[in-house]
Amino acid sequence: MNSRAMRQRLESLEAAGVTQIPKSSGLGRQPQPLVTRAVTGPSRVSTPALPGAATDDRAHPLRLLAEEVAGCTRCAELAATRTNTVFGVGPRDAQICFFGEAPGADEDATGEPFVGRAGELLTKIIEACHLRREDVYILNVLKCRPPGNRTPLPDEVAHCRGYFERQFAAISPEYICCLGTTAAQNLLETTEPIGRLRKRWFTYGTAKVICTYHPSYLLRNPAAKRDVWDDMKVMMADMGVEL
Ligand code: URA
């Protein structure tokens, strides 16, 4: 098991309440799984610090950035209408990031990305990939809900760009999966439609980037689930996991 996988495994165990690992547990002797199979258990909405890491945690770049985002007033309208900023959730050293558009009403109310109907579908997609939601990092282009769920305005994306760029720099994922047009076009700085961005690999920093349809689009067009499944198979195959 590599150190990233080991750390994520330890964090999952810790989140599940495991405080001691017997020598005979086999941890460290397992073959190298790049991903863990979906299991049932308590879900985790943020990354708890490992024991003894409390001081470091306060200074972690993602913690500091989340605090900065929570106080952001760059978009006057969004700052005035939001209930919560929605920063992102998941392991700080996640191998995969799922990148969406902007919070909706449920996310604005809870402060967590992808918790509404589209979020439930995203969780199913993640689990169909033999991953658990808590194994991946989930974030959006915008950290505040656009009123009425309208598409983010260019100025709003510009105001948030530094935030998602710093998130990706801190996490340094191996894979970024862009969910829908807004995420794909803004990450890749292109105006190509999502249909033409699918089925191709891109890079962002050191990450491999793949684009697929947004779960909200799938709720309106269930036939496109097959396309998303094809895209997930391509991403997982690149990781050495056949679906
Ligand atoms: N749609 C998104 O793009 N992000 C969310 O967090 C929820 C819905």
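**Details of the pattern of salt bridges**
- On inspection of all chains with the given rule, the structure shows 12 salt bridges.
- The partner of E165 in a salt bridge is R161, with the nearest N and O atoms 3.5 Å apart. Of this pair, E165 and R161 both sit in helix 7 (residues 154–171), 4 residues apart, roughly one helical turn.
- The partner of D231 in a salt bridge is R198, and the shortest N-O contact between them spans 2.7 Å.

**So, empty space enclosed by the protein**
- With the rule as written, the count across this model stands at 1 cavity of 30 Å³ or more.
- Approximately 100 Å³ is the volume found for the largest cavity.
- Along the walls of the largest cavity sit 14 residues, with C72, C75, R82, C144 and C160 positioned nearest its centre.
- Those elements giving two or more residues to the lining of the largest cavity turn out to be helix 4 (76–81) and helix 7.
- When residues of the lining of the largest cavity are assigned to their parent elements, the largest contribution, 3 residues, is made by helix 7.
- Classifying every residue of the lining of the largest cavity gives 9 nonpolar, 2 polar and 3 charged.

**Observations regarding the packing of aromatic side chains**
- A complete count under the given rule lists 6 aromatic pairs for this structure.
- Ring plane angle 65° and centroid distance 5.6 Å describe the contact between F168 and Y204, whose orientation is recorded as edge-to-face. One end of the pair, F168, is in helix 7; the other, Y204, is in strand 4 (residues 202–204), with 36 residues separating them in the sequence.
- Measuring from centroid to centroid gives 6.0 Å for Y175 and W201, while their planes differ by 55°, and the two rings are tilted. In this pair, Y175 sits in strand 3 (residues 175–179) while W201 sits in the loop between helix 9 (194–197) and strand 4, placing the two residues 26 residues apart along the sequence.
- On the accessibility criterion, Y175 (5% relative accessible area) is buried.
- Through a chain of ring-to-ring contacts, the aromatic side chains of F99, F164, F168 and Y204 assemble into a single cluster.
- K208 extends its terminal NZ or CZ atom over the ring of W201, reaching a point 5.9 Å from the ring centre.

**Examining the confidence of the model for the chain**
- Scored by pLDDT, the chain has a mean of 85; 77% of the residues are at 70 or more.
- The weakest mean pLDDT in the chain belongs to helix 1 (residues 3–15) at 51; the strongest belongs to strand 3 at 99.
- Here residues 15–49 scores under 50 on pLDDT; set against residues more than four positions off or in separate chains, the count is 51 contacts.

The rules behind the values
Residues numbered from 1 in each chain as written. Predicted model: local features only at pLDDT ≥ 70, side-chain atom pairs only at ≥ 80, totals over all residues. Heavy atoms only, no water. Salt bridge = Lys/Arg side-chain N within 4 Å of Asp/Glu carboxyl O. Helix = DSSP H or I, 4+ residues; strand = E, 2+ residues; numbered from the N terminus. 1 Å grid on protein atoms, 1.4 Å probe; cavity = no way out; pocket = protein on both sides within 12 Å on 5 of 7 lines; lining within 4 Å. Points joined across faces, edges and corners; volume = space filled by probe spheres on them. Nonpolar A, V, L, I, M, F, W, Y, C, P; charged D, E, K, R; others polar. Phe/Tyr/Trp six-rings, centres within 6.5 Å; stacked < 30°, edge-to-face > 60°. Buried < 20%, exposed > 50% of the residue type's maximum accessible area, 1.4 Å probe, protein only. Lys NZ or Arg CZ within 6 Å of the ring centre and 35° of its normal. pLDDT = per-residue confidence, 0-100. Contact = heavy atoms within 4.5 Å.

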